[in-house]
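Per-entry structural report
Residues per chain are reported as follows:
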Amino acid sequence: MKTLAFGLPKLGERREFKVLLEDFWKGKIDEREFLLGMNHLRDWMANQYSQWVDLFPSGELSYYDFTLDMAITLGVIPKRFGDYAGIQTYFQMARGSQALEMTKYFNTNYHYLVPEIESKEFKVFKNIPLEEYEYYKARGYRALPKIVAPYTFLKLSKVLKKSELSELPLYQLSKIETQKDMEDYLNAVFPSYEKLLESLKHAELVLMEDPALCLDMESWEWDLVQEVYGCLSKHVDIWVLTYYDSVSDYKRFVELPVKGLGFDLVSNTENLENIRKEGFPQDKILIAGLINGRNVWKANLKEKLTILEELSKTGLELVVSNSCPLFHVPVSTQFEDGLPEGLPERLSFAKEKLQELKTLKLAFEGDKTALEEVESQQKLALQPFGVKEEVRRRVATLREEDFKREVPYSERIKLQQEILNLPTLPTTTIGSFPQTEEIRKARTAFNSGKMSAEDYEEFIKRQIEHVVKVQEEIGLDVLVHGEFERTDMVEFFAQKLEGVATTKHGWVLSYGSRVYRPPIIYGDVYRPEPMTVAEITYAQSLTDKPLKGMLTGPVTILNWSYYREDIPKHEIAYQIALALLEEVKDLEEAGIKVIQIDEPAFREGAPLKRRDWSSYFNWAIKAFRLCSRARPQTQIHTHMCYSEFNEVLEYIYQMDFDVISIEASRSKGEIISAFEHFSGWDKQIGIGVYDIHSPAIPTKEQIKEVLERCRKVLPLELLWVNPDCGLKTRKWEEVIPSLKNMVEAAKNLREEVVPAS
Ligand code: GLN
Ligand code: ZN
């Protein structure tokens with residue numbers, strides 16, 4: 001039996017990747033130094049892999065995003081970027097002023113760049129997979145080229161199509177949806193894939209990542225995929241990797257004319273059940289994804305070993321692997337100290353997972369030490385950890401009415417308006433304001449003990465005073481406190497909640513050079529004391545305008561953290577929701593009239609297949625409703641961004657908030673048009689009127705145009721006016737004029753539609 005690993009975090013042990021990238025962008029190092037540094041990282045990756053596993057890929061050190069690499073490989077470069085001038089164009093596409101759209105990779109928190117296919121002309125434009133393969137080959141590594149398979153590539157891309165809606169620009173980017181389009185684009189792209197594979201024919205085999213085979217698929221799609229693999233297999237041996245879910249059609253998948261088939265055997269039990277029920281072809285290699293690439297726990301190796309023994313009886317050969325890319329977990333546990341007792345010995349990050357693969361293989365072969373390790377890991381896995389009976393009892397005794405607000409929306413909104421007295425088209429922001437160098441410095445000083453708690457508190461108060469004054473001057477209607485005390489919207493709450501640990505070095509790439517440290521939910525979750533009340537009430541004390549309390553929602557806290565696996569996910573969500581509900585009540589008690597509960601990760605937690613959506617959304621909606629069970633007079637807002645909401649509006653509606661703000665600017669009107677098809681939308685809604693991810697200052701006219709577009713599909717009385725996300729990454733010089741223009745645009749429109757009496 002062989003071991004295969006893939007997706008090792010390219011970040012490096014000390015975030016070298018991030019440093020190199022940012023130094024290069026800042027001009028601190030030149031291209032030569034940059035490439036040299038990247039080669040060191042490449043060497044490091046191969047070195048890690050080869051210490052522990054038999055097989056591993058090349059081509060995993062993309063300078064920004066692997067989907068972008070695939071697009072460039074295939075010559076998918078939109079015209080607006082001009083002639084491809086090497087790395088400059090590469091980064092223009094990734095992060096220039098007209099960068100590609102960015103969105104979440106399947107149901108993960110990794111963001112990829114959406115290839116924009118402007119024509120059906122593809123070619124092998126720059127053979128990145130071959131370059132990467134040869135780099136390793138020259139250094140004596142037997143790496144396997146890994147590329148994004150054609151079907152997944154097209155599913156991740158958008159194509160230019162004539163718009164059907166008159167109010168939108170003539171041409172619009174959209175996903176490939178029809179059979180005809182999928183057929184046309186596959187036919188157009190696969191000759192280039194053939195050339196690519198032909199160029200890689202000296203490799204032992206090629207790994208093709210095809211996670212889109214886990215989405216809902218029609219049988220005509222399987223026909224196409226089958227045909228494509230039939231042609232591609234003529235050039236080189238292919239192993240297909242699927243992950244994040246079970247394959248959508250087991251029988252069709254195992255019939256694919258390829259050598260090896262990879263399964264995620266962790267995300268649910270369906271793949272395994274199908275292998276048992278339907279059998280596995282005798283002439284194919286089974287790649288068993290048994291080590292979880294998305295969670296941080298040591299595996300119960302005993303259990304995995306039993307599965308391996310069973311699987312070894314079928315197929316041509318068995319390969320054991322990780323269930324999905326390892327870049328969803330931090331590099332190594334070896335750098336952590338200060339974690340709660342009992343936690344460190346339970347953790348396994350990427351490097352440790354490579355070791356687990358090796359242990360599994362040795363144990364499978366009967367190695368005594370490995371077998372002992374397997375036994376002791378199982379013992380540990382079975383010990384209860386982090387239990388708090390009181391929390392469990394509260395969740396167990398929840399009743400249906402705990403998930404419902406007392407008064408329906410139509411009446412609540414009237415009560416709220418009596419108190420808030422907001423104008424038509426009320427203006428607000430999403431919560432955070434610029435996190436300046438000064439703030440970061442103060443935080444570092446405080447964290448390292450150089451600044452006292454009192455001084456830090458005073459410092460934050462000064463920031464709050466400033467931001468309240470700025471908002472009043474600009475004339476916003478609902479104010480925020482600016483979130484200066486928070487580094488990260490999830491980590492902040494994780495640090496305040498019991499049962500949740502935060503790490504010091506557990507960095508994970510979110511996109512580009514952006515990293516975050518997902519907290520680890522290891523035990524029952526509860527709130528020992530108020531978390532946000534001090535800052536928010538201080539801000540409210542400075543103004544007569546309503547001040548919006550800011551919380552991160554239970555679904556987002558859960559989806560952006562690693563979570564325990566010994567109790568069901570929905571129970572963890574309810575535990576967090578109960579803690580947040582206490583916070584909501586404290587805020588109300590302290591006189592806060594508007595509370596926003598952010599749920600940017602609400603959509604991404606959904607399983608890949610629609611048939612599994614209702615059970616996920618059922619508890620996700622309930623968790624949100626549980627924590628937002630405020631007084632009818634309290635206006636509950638929520639915020640979502642970076643997702644494809646169109647298909648889940650039905651579920652979003654059921655969350656029963658009073659106001660939602662959503663991102664729209666980057667996905668160019670798609671969301672707005674989704675409301676055309678939603679009959680009976682009656683909740684208030686703020687569609688982001690400008691893109692905060694860009695430093696550009698929107699003009700009044702541009703903002704008005706977005707508002708006009710919204711008005712065509714939604715009644716004016718429901719509309720709010722706000723940027724599309726928090727402002728923390730922007731500069732004050734950008735924020736102030738942008739918000740001024742936004743408020744002006746709202747006022748102008750207000751006067752047009754409701755003439756002053
Ligand atoms: N309230 C948060 C902020 O403004 C929301 C961030 C987000 O949606 N990702 O920063
Ligand atoms: Zn947002």
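Below is a short write-up of the structure.

Rules used throughout
Residues numbered from 1 in each chain as written. Chains lettered and ligands numbered in written order. Predicted model: local features only at pLDDT ≥ 70, side-chain atom pairs only at ≥ 80, totals over all residues. Heavy atoms only, no water. Salt bridge = Lys/Arg side-chain N within 4 Å of Asp/Glu carboxyl O. Buried < 20%, exposed > 50% of the residue type's maximum accessible area, 1.4 Å probe, protein only. Near = heavy atom within 4 Å. Polar contact = N/O pair within 3.5 Å; in protein donor to acceptor, adjacent residues only side chain to side chain. Areas by Shrake-Rupley, 256 points an atom, 1.4 Å probe, with all protein chains shown as cover. Nonpolar A, V, L, I, M, F, W, Y, C, P; charged D, E, K, R; others polar. Helix = DSSP H or I, 4+ residues; strand = E, 2+ residues; numbered from the N terminus. Contact = heavy atoms within 4.5 Å. Core = buried A, V, L, I, M, F, W, Y, C linked by side-chain atoms within 4.5 Å. Pairing = 2+ DSSP bridges. Donors = N, O, S within 2.8 Å, 3.2 Å for Na, K, Ca; no water. Tetrahedral: all angles 85-135°; square planar, octahedral: opposite > 155°, others 65-115°.

**Considering the pattern of salt bridges**
Across all of its chains, the model carries 56 salt bridges by this definition. Here Asp402 and Arg399 are joined by a salt bridge, their closest N and O atoms 3.1 Å apart. By relative accessible area, Asp402 is classed as buried at 14%. Ionic pairing is found between Arg527 and Glu583, a salt bridge with its closest N-O pair at 2.7 Å.

**Overview of the site of ligand 1**
The full set of residues close to ligand 1 is Ile430, Gly431, Ser432, Glu483, Met489, Met550, Asp598, Pro600, His639, Cys641, Cys725 and Gly726. For ligand 1, a nitrogen atom lies 3.1 Å from a polar atom in the backbone of Ile430. The contact in question runs from an oxygen atom of ligand 1 to an N or O atom on the side chain of His639, over 3.0 Å. Relative to its unbound accessible surface of 290 Å², ligand 1 loses 90% to contact with the protein. Residues that form the shell around ligand 1 fall into these classes: 6 nonpolar, 4 polar and 2 charged.

**What about the side chain of Arg564?**
Residue position: Arg564 is located in the loop between strand 19 (562-563) and helix 21 (569-589). Apart from residues lying up to four places away in sequence, Arg564 is in contact with Trp297, Phe385, Arg392, Ile521, Tyr522, Gly523, Asp524, Ile572 and Gln575.

**Considerations on the nonpolar core**
Phe34, Phe153, Tyr193, Met208, Phe253 and Phe263 are the most contacted members of the largest nonpolar core, which totals 156 residues. No other element matches helix 7 (residues 179-199), which puts 9 residues into this core. Here Met208 is in contact with Ile147, Ala149, Pro150, Tyr193, Leu197, Tyr229, Leu232, Ile238, Trp239, Val240 and Leu241, once residues within four sequence places are set aside. In this structure, Leu497, Met640, Leu716 and Cys725 belong to the second largest nonpolar core, which totals 109 residues.

**A look at the sheet that holds strand 17 (residues 520-526)**
The strand order across the open sheet built from 3 strands is 14-17-19, with neighbouring strands paired in mixed fashion. The open sheet has two edge strands with one neighbour each: strand 14 (498-501) and strand 19. In this structure, strand 14 lies alongside strand 17, joined through 3 bridges in antiparallel fashion. Its bridge partner being in strand 17, Glu498 is matched across the sheet by Tyr526.

**Details of the coordination of the zinc ion (ligand 2)**
When a metal carries six donors in an octahedron, the ideal angles between them are 90 or 180 degrees, while four donors in a tetrahedron ideally lie at 109.5 degrees. Here the zinc ion (ligand 2) is held by His639 (NE2), Cys641 (SG) and Cys725 (SG), and the distances to it run 2.0 to 2.4 Å. In this structure, the zinc ion (ligand 2) is coordinated by 4 donor atoms arranged in tetrahedral fashion, with angles at the metal of 91 to 127°. Positions of the donor residues of the zinc ion (ligand 2), expressed as sequence spacing, correspond to H-x1-C-x83-C. Note on Cys641: relative accessible area 7%, which makes it buried.

**Structural notes on the pairing of strand 7 (residues 158-162)**
Of the strand pairs in this sheet, strand 5 (residues 116-117) and strand 7 are connected by 2 bridges, and their pairing is parallel. Each residue of the ladder has a partner; that of Glu116, found in strand 7, is Lys158. With 4 bridges connecting them, strand 7 and strand 8 (residues 171-174) associate as antiparallel partners. Paired with Lys162 across the two strands is Tyr171, which belongs to strand 8.

**Here we look at the sheet that holds strand 21 (residues 635-640)**
Spatially, 18-20-21-22-23-24 is the arrangement adopted by the 6 strands of the open sheet, whose pairing is parallel. Across the chains shown, the open sheet's two edge strands, defined by having one partner strand only, are strand 18 (548-552) and strand 24 (719-720). Pairing geometry for strand 18 and strand 20 (residues 594-598), over 5 bridges, is parallel. Within the sheet, the bridge partner assigned to Leu551 lies in strand 20 and is Ile597.

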